[in-house]
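# Descriptive analysis of the structure
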Amino acid sequence: MNTLKFTKMHGLGNDFMVIDAVSQDFIPEHAPIAAWADRFRGIGFDQLLVVGRSETEGVDFRYRIFNADGSEVEQCGNGARCFARFVTDKGLTDKKEICVETAKGIIFPKLSDNGMVTVNMGKPKFMPSEIPFVPVSDEGDDACIYGVHLESGIQPVSCVNMGNPHAVIVVDDVECAPVRETGSLIEPHRQFPERVNVGFMQIVSRTAIRLRVFERGVGETQACGTGACAAVVAGIRLGLLDEGKTVEVILPGGTLYIEWARSGDVMMTGPAETVFEGELAYS
């Protein structure tokens, strides 16, 4: 029987079990992640974050993310902020800006004195092969809008890869949007070979949106950092939001601040909080 220390954290209600695999031995492939994620019989969380040392020169840490169903994913924006707060609070680094390796590249979380964390999320990708997405019509590569073919008809989506795949849908009122119904149809859709996160975006102004996200392997969450980035990028490409300005993204769990100029990286700023710490035994 093994004993494992963990920390429960959240970024705007998107919650995580964080495990330090630098100071203790932990192999996530051997762990009962889905059981731990159960909110009635386990710890309860949207994702498991594993903190490890990177073997790449000049990179401080390696960061792995597992959904509540146990599937590993490439990137998580809210998790990246919690990651930065965790390694700082645990004394694993004294840097204010951290270089972190993910499954899809390097990110650079930066802690501010006011407790907020800013993460350089890198450049978005749009080509169908980069999402990945399989068009079945003649929209062509790098289109702003593609069609997802559902039994009820064709659903227009904007496809963006922010280290993980996103499909963004513009709606009139996010409160009335069929997040669970439509999200559960698009998330495993055959046109998305690696499944997809589905965002429902309401335009409030040129610099503000409301957003709900149905995350792959989880369902709707209180907040999604990469989803907020993808929505703002999609809104700018569609001419609905201002390029190069800070866009307020209002999610069920709180607000994130996203900035993107087409020639640059996407910058995300928001909070990260520790909820509690604990130990568990597992075989």
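Residues numbered from 1 in each chain as written. Predicted model: local features only at pLDDT ≥ 70, side-chain atom pairs only at ≥ 80, totals over all residues. Heavy atoms only, no water.

For clarity, the cut-off: UniProt positions are given in the numbering used here, feature names are shortened, and annotations may be inferred rather than shown by experiment.
Per an unreviewed UniProt entry, the protein chain goes by the name Diaminopimelate epimerase and belongs to Neisseria polysaccharea. What the UniProt record of the protein chain gives under Function (unreviewed entry) is the line "Catalyzes the stereoinversion of LL-2,6-diaminopimelate (L,L-DAP) to meso-diaminopimelate (meso-DAP), a precursor of L-lysine and an essential component of the bacterial peptidoglycan." Listed under Catalytic activity (unreviewed entry) in UniProt, the entry text for the protein chain is "(2S,6S)-2,6-diaminopimelate = meso-2,6-diaminopimelate".

## Focus on the state of the cysteines
Formally: Pairs of cysteine sulfur atoms within 2.5 Å are identified as disulfides in what follows. Relative accessibility under 20% of the residue-type maximum defines a buried residue, over 50% an exposed one, and the middle range a partly exposed one, all with a 1.4 Å probe and only protein chains included.
Enumeration over the complete set of coordinates arrives at zero disulfides. We note that C99 lacks a disulfide partner, and the nearest cysteine sulfur, in C229, lies 18 Å from it. Not part of a disulfide, C224 finds its nearest cysteine sulfur in C76, a span of 6.6 Å. For C224, a relative accessible area of 3% translates into the label buried.

## Here's the deal with the UniProt feature "binding site: substrate" (unreviewed entry) in the protein chain
Defined as follows: Any residue with an atom within 4 Å of a point lines the site, the site being either a cavity, points on a 1 Å grid over the protein atoms alone where a 1.4 Å probe fits but cannot get out, or a pocket, an open set with protein on both sides within 12 Å along at least 5 of 7 lines. A helix here means a DSSP run of H or I that spans at least four residues, while a strand means a run of E at least two residues long, and both kinds are numbered starting from the N terminus. Any pair of nitrogen or oxygen atoms within 3.5 Å is treated as a polar contact; in protein, a donor-acceptor pairing is required on top of that, and neighbouring residues in sequence qualify only through side-chain atoms on both sides. The contact criterion used is simple: two residues touch if any of their non-hydrogen atoms lie within 4.5 Å.
The positions that UniProt labels "binding site: substrate" (unreviewed entry) are, in the present scheme, N14, Q47, N67, G77, N78, N164, N197, E215, R216, G225 and T226. Lining the largest cavity, from the residues named above, are N14, Q47, N67, G77, N164, N197, E215, R216, G225 and T226. Along the polypeptide, Q47 turns up in strand 3 (residues 47–53). Here the side chain of Q47 touches N67 through a polar contact of 3.2 Å, side chain to side chain. Among the secondary structure elements, N67 is positioned in strand 4 (residues 61–67). On the basis of relative accessibility, which here comes to 2%, the residue N67 falls in the buried class. With residues up to four places along the chain from it excluded, the contact list for N67 reads I33, D46, Q47, V73, R216, G217 and V218.

## Here's the deal with the pattern of salt bridges
Worth spelling out the cut-off: Note on definitions: salt bridges are taken to be side-chain nitrogens of Lys or Arg within 4 Å of carboxyl oxygens of Asp or Glu.
Counting across every chain of the model gives 17 salt bridges. In this structure, D46 engages R39 in a salt bridge whose closest nitrogen and oxygen atoms are separated by 3.1 Å. Residue D46 is classed as buried on the basis of its relative accessible area of 8%. Two residues, K123 and D265, come together in a salt bridge whose shortest N-O distance is 2.9 Å. Residue K123 is found in the loop between strand 8 (117–120) and strand 9 (146–150), and its partner D265 is found in the loop between strand 16 (254–259) and strand 17 (267–270); the two are separated by 142 residues along the sequence. Judged by relative accessible area, D265 falls into the partly exposed class, the value being 27%. Residues joined in a network through salt bridges with shared partners are K8, D15, R39 and D46.

## Some points on the packing of aromatic side chains
This is how the line gets drawn: Two aromatic rings, drawn from Phe, Tyr or Trp (for Trp, its six-membered ring), form a pair once their centres lie within 6.5 Å of each other, and the interplanar angle then sorts them: stacked below 30 degrees, edge-to-face above 60, tilted otherwise. In this scheme, the term charge over a ring applies when either NZ of a lysine or CZ of an arginine sits within 6 Å of the ring centre and within 35 degrees of the ring normal.
All chains considered together, the criterion is met by seven aromatic pairs. Consider the rings of F6 and F276, whose centres lie 6.2 Å apart with planes at 80°: the pair is edge-to-face. Taken together, the residues F6 in strand 1 (residues 2–11) and F276 in strand 18 (residues 273–282) connect sequence positions 270 residues apart. Here F276 falls in the partly exposed class, since its relative accessible area comes to 36%. Pairing F133 with Y146 gives two aromatic rings, centres 5.1 Å apart and planes at 55°, and the pair type is tilted. Note that F133 is positioned in the loop between strand 8 and strand 9 and Y146 in strand 9, a separation of 13 residues in sequence. Both residues of the pair, F133 and Y146, belong to the buried class. Chaining the aromatic ring pairs together yields one cluster made of F61, Y63 and F83. A cation over an aromatic ring shows up here: R237 above the ring of F126, its NZ or CZ 3.8 Å from the ring centre.

## A look at the environment of V232
If you trace the backbone, V232 turns up in helix 4 (residues 225–237). Not counting residues within four places of it along the chain, the set of residues in contact with V232 comprises I209, L241, V247, V249 and I258.

## Examining the nonpolar core
What counts, and what does not: The set of buried Ala, Val, Leu, Ile, Met, Phe, Trp, Tyr and Cys residues whose side-chain atoms join them within 4.5 Å is what this entry labels a nonpolar core.
Ranked by internal contacts, the top residues of the largest apolar core, which has 53 residues, are Y63, V249 and I258. Broken down by element, this core gets its largest block of residues, eight residues, from helix 4. Non-local contacts of I258, meaning those with residues more than four positions away in its chain, are made with A228, C229, V232, K245, T246, V247, V249, V266, M267 and M268. F133, V171, I186 and V198 belong to the second largest nonpolar core, which has 20 residues in total.

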